[in-house]
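Coordinate analysis (summary)
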Amino acid sequence: PTANPPLYVRTLRWERADQDVTMRSVFGVQSISAMAPLWKVSLTFDMKSQSEAGPYQSLMMKLNGSRNQLKLYNVGRPVPLGTFTGASGATTFASTATAGASSITLVNASYASKTLVEGDFIGFGTGVTTQVVMVTDSATSNGSGSITVNVAPALRNQMTSGTSVTLQYPCALF
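Here the structure is a predicted model, which means the values were calculated and not measured.

**A look at the nonpolar core**
Ranked by size, the top nonpolar core spans 19 residues in total, and within it Phe93, Ile104, Leu106, Leu116, Ile122, Val149 and Leu155 carry the most contacts. A total of three residues in this core trace back to one element, the largest contributor, which is strand S10 (residues 146-152). Sequence-distant contacts of Leu155, that is, excluding residues within four places in its chain, are made with Phe93, Ala97, Thr98, Ala99, Gly100, Ala101, Ile104, Phe124 and Gln131. One finds Leu12, Phe45, Leu59 and Phe121 within the second-largest nonpolar core, a separate group that totals eleven residues.

**A few points about the environment of Ala90**
Along the polypeptide, Ala90 turns up in the loop between strand S3 (71-73) and strand S4 (92-93). Each C-alpha atom, one on Ala90 and one on Ser42, is 32 Å from the other, the two residues being 48 residues apart in sequence. Here Ala90 is in contact with Val107 and Asn108, once residues within four sequence places are set aside.

**Describing the sheet that holds strand S8 (residues 131-135)**
Strand order in the open sheet formed by six strands is S4-S5-S10-S8-S7-S11, and the pairing between neighbours is antiparallel. Strands at the two margins of the open sheet, each flanked by one partner only, are S4 and strand S11 (165-166). Bridge analysis of strand S7 (residues 121-124) against S11 gives two bridges, and the strand direction is antiparallel. Counterpart to Phe124 in the pairing with S11 is Val165.

**Side note on unusual backbone geometry**
The linkage connecting Ala152 with the following residue, Pro153, adopts the cis geometry, with an omega of -5°. Relative to the helices and strands, Pro153 resides in the loop between S10 and S11. In this structure, Asn64 takes a positive phi of about 50° despite not being glycine. Relative to the elements of secondary structure, Asn64 occurs in the loop between helix H1 (54-63) and S3.

The rules behind each value
Residues numbered from 1 in each chain as written. Predicted model: local features only at pLDDT ≥ 70, side-chain atom pairs only at ≥ 80, totals over all residues. Heavy atoms only, no water. Core = buried A, V, L, I, M, F, W, Y, C linked by side-chain atoms within 4.5 Å. Buried < 20%, exposed > 50% of the residue type's maximum accessible area, 1.4 Å probe, protein only. Helix = DSSP H or I, 4+ residues; strand = E, 2+ residues; numbered from the N terminus. Contact = heavy atoms within 4.5 Å. Pairing = 2+ DSSP bridges.

All we've got here are geometric facts, nothing functional implied.
Shown next as structure tokens:
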């Protein structure tokens, strides 16, 4: 691991950011989804003195407005609370999941009769297809280590059978 200077992060909060278009009139309100929801993150820094501001200011310069991205995992839930943790063996998509899917099937032969619980995070994809989703309903894997879970937000891209899945410290791009 690369040694980085401390950023004195006080809070880091993940939230769902819906991409809706809302129309209001005297007759009421209508909303439609313009695209799939994304994650947004809020960071609060706690610097005791101006001399500690260097790492924060450097980070902001490296982000270069919105041209670059910051890769973060949710520090509030970095690993699943369920027992399907992905700590041993490779977890992959058991079958192809299409863009827009809100139910996915994963497999890890080392994880028969293990669970993913509501609120666990799952990461997959690389580069621009990187995505982190949240398990919305608890599920238990079968005797072969196959588990079907409902997730949100829905998949932005198709993921083919055999695509690697990250269960510990899944990172999203911000």
